Amino acid sequence: MTSTKTVCISGTDRGIGLALTHQLLIAGYIVFAGGIVPDNEWLKQLQVQFPEQLHVITLDVGSDQSVREAAAFIESKADKLDLLINNAAILGDTQATVEDTIDFDEVQRVYNITAVGAIRLSNALIGPIMKGGKLIVNISSEAGSIGNNQREAWFGYCMAKTALNMGSSLIHNTIRKQGGRVLLLHPGWVKTFMHGAWSDKGTHTPEEAAVHIWNRIEALKDLQREQPIYVEADTGEELPW
């Protein structure tokens, strides 16, 4: 038994997930960092810096088997989780409208990873979560807002983030009875690899976004609400569903 705080973060290969891993290691957490890139050089460097804190695990949130195996490993190392951060996501096509040729296999892949992946991992780890901090943080997006939608494309990503918001609400409705909470955070416009290559378009670097996310988690982690809290990480502004 240990009093050290523990966290599982998905989507840690690069970007926000990698930056969050570094942020939580600095904060003193034992971090289970899950990604799909084998022998990730950035994570290897962090393991040299934080050899007693960082566990790098293979985690494909789109795969039932991968999630089960990752959860089994985590439970073999820790009896509880203080925090789960569901960050893994893919973007998919952002150009095709209903008048164009849509790759529906890709839409389903985006949905499976970006929406269902967070539910899949939360389900697999709900035992240690509820033994620990009872807190799930899902990285959502303004792209999932129906009320504010101005886009004509982005079918996979927008629909997936909307579904993630609903899945978060369903989980929150269950775990809040035992003091659990789900926090939804929109990281803002972040410079990203999600288009398949580095895009410098964006207001925040991944490192800046990770700081905003962590600050918001610290500020809101103990707040109990009937519905999940859904805010923009950098401003704290509550967002419409």
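Above this text is the structure in question.
No experiment lies behind these values; they were computed from the predicted model shown.

Undergrad: I would appreciate a short explanation of the environment of His212 in the present structure.
TA: Note that His212 resides in helix α7 (residues 206-220). The spatial distance from the C-alpha of His212 to the C-alpha of Gly236 is 9.1 Å, given a sequence separation of 24 residues. If sequence neighbours within four positions are ignored, His212 has contacts with His204, Ala233 and Asp234.

Undergrad: When you look at the sheet that holds strand β1 (residues 6-10) in this model, what are you seeing that I'm missing?
TA: Whenever strands of a sheet pair, they do so through backbone hydrogen bonds, lying parallel or antiparallel. Pairing is parallel across the open sheet formed by seven strands, whose spatial order is β3-β2-β1-β4-β5-β6-β7. Strands at the two margins of the open sheet, each flanked by one partner only, are β3 (54-58) and β7 (229-232). Shown here is a sheet whose adjacent strand axes are inclined to one another by a mean of 20 degrees, direction ignored. Pairing analysis gives five bridges linking β1 to strand β2 (residues 30-35), with the strands arranged parallel. Counterpart to Val7 in the pairing with β2 is Val31. The sheet contacts of helix α1 (residues 15-26) involve β1, β2, β3 and β4 (83-86), and relative to β1 the element is tilted by about 170 degrees. Its contacts with the sheet put helix α6 (residues 155-175) on β5 (135-139), β6 (181-186) and β7, and the angle it makes with β6 is roughly 160 degrees.

Conventions and cut-offs
- Residues numbered from 1 in each chain as written.
- Predicted model: local features only at pLDDT ≥ 70, side-chain atom pairs only at ≥ 80, totals over all residues.
- Heavy atoms only, no water.
- Helix = DSSP H or I, 4+ residues; strand = E, 2+ residues; numbered from the N terminus.
- Contact = heavy atoms within 4.5 Å.
- Pairing = 2+ DSSP bridges.
- Axes fitted to C-alpha atoms, helices over the stretch in contact; angles between N-to-C directions.

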